[in-house]
Amino acid sequence: MTYTKYAEAKRLFDSIGTIDDSLIAEAQNAPVFKQKGFSLKHLVPVAVAACVAIFIGAGALGAVLLPFMFNGADKVEQPPTLESVLNSASQGGAATYCKKEDINLFSGKAGVVWESDNGDGYYLLELSSERELSELKGRLHSGAQEIDAETARGIESRIWVCFGDGTVVSPHLKASAGNVGYGELFDYSPEVIPSNGFVAFINGLTV
Amino acid sequence: MEDLQIVDLYWARNENALQQTKIKYGRMLTGISLSLLQSNEDAEECVNDTYLAAWNSMPTERPTYLGAFLSKIVRRLSISKHRARGAQKRGGADLLIGELTSCIPDRRSVETDVENRALTDALNRFLRSLDEQKRYVFIRRYFYSDSVGDIAKSCRISDGKVKTVLFRTRNALREFLEKEGVAI
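Sequence order as written defines residue numbering, which begins from 1 separately in each chain. Starting at A for chains and at 1 for ligands, labels are handed out in the order in which the entities are written. Thresholds applied to this predicted model are a pLDDT of at least 70 for local features of residues and 80 or more for the giving and counting of side-chain atom pairs; totals over whole chains, interfaces and linings are not thresholded and use all residues. Remark: hydrogens and water are excluded; side-chain values derive from all non-hydrogen atoms of the structure.

S.K.: Looking at this model, I keep getting lost on the interface of chain A and chain B. Mind explaining?
M.R.: For interface size, the figure often reported is the accessible area lost on association. Residues are treated as being in contact if the distance between any of their heavy atoms lies within 4.5 Å. Listed as interface residues are 36 residues of chain A and, on the opposing side, 46 residues of chain B. Joining two parts hides part of their accessible area as seen by a 1.4 Å probe, and the buried area is that hidden amount summed over both. The junction of chain A with chain B conceals about 3,800 Å² of combined surface from both sides, 56% of it contributed by carbon and sulfur atoms. Throughout this description, the term salt bridge denotes a Lys or Arg side-chain nitrogen within 4 Å of a carboxyl oxygen of Asp or Glu. Linking chain A with chain B are 6 salt bridges, by the criterion used here. Close ionic contact of D21 of chain A with K72 of chain B constitutes a salt bridge, the shortest N to O distance being 2.8 Å.

Right, dumping it as structure tokens:
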């Protein structure tokens with residue numbers, strides 16, 4: 001850290017001592033941290049994921065006929081979001097709940113890891129083969145959409161793809177050497193939203 | 001005893017004000033000072049200096065939030081003591097420079113005061129823009145100097161969650177200050 005940056009941090013630290021008394025007084029008592037628990041809203045993404053699974057199972061015939069059954073060909077099903085797919089995997093048991101210390105990034109097995117809602121643990125979805133990892137890598141950054149800072153702030157949960165050899169990347173980050181971690185589930189500020197192709201692939205792993 | 005009643009005792013120059021202050025806020029003030037100084041002796045000294053400063057300032061001050069008012073004093077005193085102690089420990093040039101600061105004329109200009117007020121104002125706005133939980137974690141860490149573990153215990157969340165909240169809030173503060181063009 002440069003001398004200037006340290007001096008500026010000192011000034012900021014001092015200035016925090018001058019904030020409004022009401023803010024300081026408010027912080028004398030801990031607020032209730034609401035734990036995100038199961039609620040009715042979780043049924044919606046589960047229902048959406050189930051519908052998508054049915055449509056995929058019905059094959060091309062379902063994909064052609066259903067739009068006409070519901071007011072014509074221009075009615076298009078919305079693809080599931082990454083959040084809904086991960087919720088479904090967490091609730092449905094496709095992913096394993098574990099603590100950070102139980103996740104071995106050097107196990108030789110690739111997988112997808114994401115934070116639990118309460119921030120106390122993680123969910124791990126292991127890939128079953130090299131082929132799956134190869135397909136996932138192909139979809140990881142392709143078609144990802146860049147997002148602005150405000151949207152990034154709204155993305156609370158963190159998700160990583162672990163290659164099994166210590167390499168860790170995130171579908172929320174652009175493809176770049178600086179965005180590759182090694183040996184840890186690093187925190188980050190989201191830069192992109194992964195493509196529908198990536199989400200559909202993850203969804204396929206959980207079905 | 002309510003804060004307003006204690007403040008009334010100060011205004012009436014009733015020494016019971018100090019006793020009531022110790023009962024209500026002694027532990028909190030000691031906690032803040034100890035977190036910053038890591039020394040029981042020095043913390044006790046700062047807390048006692050805080051009581052003296054409170055006695056000397058009321059009247060004319062009539063704080064609405066007595067706890068916050070006292071916390072600011074003890075925090076400021078503790079930080080000054082920490083820096084003075086640090087210079088003394090380092091010795092040599094740092095100690096001599098510290099002694100010479102009293103020779104430097106007070107160059108506090110109107111501009112510096114305006115900048116300081118702007119920074120405080122920006123911090124207030126930033127903190128109010130946060131949700132209650134993030135605000136609590138940030139203030140407990142950087143004003144009250146609580147440890148991550150203590151914050152996690154009081155909120156009943158994990159240490160990791162506290163660290164994540166702090167990391168993200170610091171980044172958000174940086175972006176906020178850059179966007180506001182606030183000079184530090």
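The discussion continues.
S.K.: What is the right way to look at the packing of helix α8 (residues 148–155) of chain B against helix α9 (residues 159–180) of chain B in this model?
M.R.: What describes two packed helices is the angle between their axes and the distance between those same axes. All names here are of chain B. Here α8 crosses α9 at 110°, and the two axes come no closer than 8 Å. Here α8 is positioned roughly perpendicular relative to α9, judged by the angle of their axes. Residues V148, G149, I151 and A152 of α8 lie in contact with α9, whose contacting residues are D159, V162, K163 and L166. In terms of residue class, the contact of α8 with α9 is made up of 5 nonpolar, 1 polar and 2 charged. Only the stretch in contact is used when fitting a helix axis, every axis being a line fitted to C-alpha atoms; angles between N-to-C directions are given from 0 to 180 degrees. The helix count covers DSSP runs of H or I at least four residues long, the strand count covers runs of E at least two residues long, and both are numbered beginning at the N terminus. The scheme is simple: roughly parallel for angles under 35 degrees, roughly antiparallel for over 145, roughly perpendicular for 65 to 115, oblique for anything else. Here the nonpolar group is Ala, Val, Leu, Ile, Met, Phe, Trp, Tyr, Cys and Pro; Asp, Glu, Lys and Arg are the charged ones; every other residue, Gly included, is treated as polar.

S.K.: Hey, could you run me through the sheet that holds strand β1 (residues 96–98) of chain A in this one?
M.R.: In any sheet, the strands associate via hydrogen bonds between backbone groups, in a parallel or an antiparallel arrangement. Residue and element names in this part refer to chain A. Read from one edge to the other, the open sheet built from 6 strands follows the order β1-β3-β2-β5-β6-β7, with strand pairing classed as antiparallel. The sheet is open, and its two borders are formed by β1 and β7 (181–182), each paired with just one other strand. For strand β5 (residues 159–162) and strand β6 (residues 167–169), the ladder comprises 2 bridges, and the chain directions are antiparallel. Opposite C162, over in β6, you have V168 as the bridge partner. For two strands to pair, DSSP has to find at least two bridges joining them.

S.K.: Is there a simple way to think about the pairing of strand β3 (residues 122–126) of chain A in this case?
M.R.: Successive side chains on a regular strand alternate, one facing one side of the sheet and the next facing the other. All names here are of chain A. Both β1 and β3 contribute to a ladder of 3 bridges, which runs antiparallel. When the bridges of β3 are listed, T96 appears paired with L124. When strand β2 (residues 111–115) meets β3, the two strands line up antiparallel, connected through 5 bridges. Each bridged residue has a counterpart across the sheet, and for V113 the counterpart in β3 is L124. The antiparallel hairpin formed by β2 and β3 contains 6 residues in its connecting segment, where G119 sits at a positive phi of about 75°.

S.K.: Help me understand the packing of helix α7 (residues 132–142) of chain B against α9 of chain B, please; the structure alone is not making it clear to me.
M.R.: All names here are of chain B. One can describe the packing of α7 onto α9 by two numbers: an axis separation of 10 Å at closest approach and a directional angle of 90°. Taken together, the axes of α7 and α9 lie roughly perpendicular to each other. On α9, the residues touching K134, V137, F138, R141 and Y142 of α7 are V162, V165, L166, T169, R170 and L173. Taken together, the residues that form the contact of α7 with α9 break down as 7 nonpolar, 1 polar and 3 charged.

S.K.: Any chance you could explain the pattern of salt bridges here in plain terms?
M.R.: One side chain can pair with another of opposite charge once the charged atoms of both are near each other. Applying the stated rule across the entire model yields 20 salt bridges over all chains. Notably, a salt bridge pairs R62 of chain B with D8 of chain B, separated by 2.9 Å at the nearest N-O pair. One end of the pair, R62 of chain B, is in the loop between α3 (40–57) and α4 (66–90); the other, D8 of chain B, is in helix α1 (residues 3–11), and 54 residues separate them in sequence. Burial classification: accessible surface area is computed with a 1.4 Å probe over protein chains only, and a residue below 20% of its type maximum counts as buried, one above 50% as exposed, and the rest as partly exposed. For R62 of chain B, a relative accessible area of 44% translates into the label partly exposed. Since its relative accessible area comes to 40%, D8 of chain B is described here as partly exposed. The partner of K81 of chain B in a salt bridge is E45 of chain B, with the nearest N and O atoms 2.9 Å apart. Here E45 of chain B lies in helix α3 and K81 of chain B lies in helix α4, a separation of 36 residues in the sequence. For E45 of chain B, a relative accessible area of 39% puts it in the partly exposed group. Residues joined in a network through salt bridges with shared partners are E115, R158 and D187 of chain A together with R168 of chain B.

S.K.: Before we go on, may I ask you to explain the pairing of β5 of chain A in this structure?
M.R.: Judged by which residues are buried, β5 of chain A turns out to be covered on both faces: I159 and V161 of chain A on one side and W160 and C162 of chain A on the other are all buried. Linking β5 of chain A to β6 of chain A, which pair antiparallel, is a turn of 4 residues; within it G164 of chain A sits at a positive phi near 95°.

S.K.: What should I look at first to understand unusual backbone geometry in this one?
M.R.: In most cases, non-glycine residues show a negative phi, while peptide bonds are predominantly trans. Residue and element names in this part refer to chain B. In this structure, the amide linkage connecting M58 to the following residue, P59, adopts the cis form with an omega of -15°. Examined against the element boundaries, P59 turns out to sit in the loop between α3 and α4. The peptide bond linking P59 to T60 adopts the cis configuration, its omega dihedral lying at 25°. Phi at R13 is positive, roughly 55°, even though this residue is not glycine. Relative to the assigned elements, R13 resides in the loop between α1 and α2 (16–37). Using a relative accessible area of 37% as the deciding quantity, one classes R13 as partly exposed. Despite not being glycine, Q38 has its phi angle at roughly 55°, a positive value. Residue placement: Q38 occurs in the loop between α2 and α3.

That's the geometry; what it means functionally is another story.
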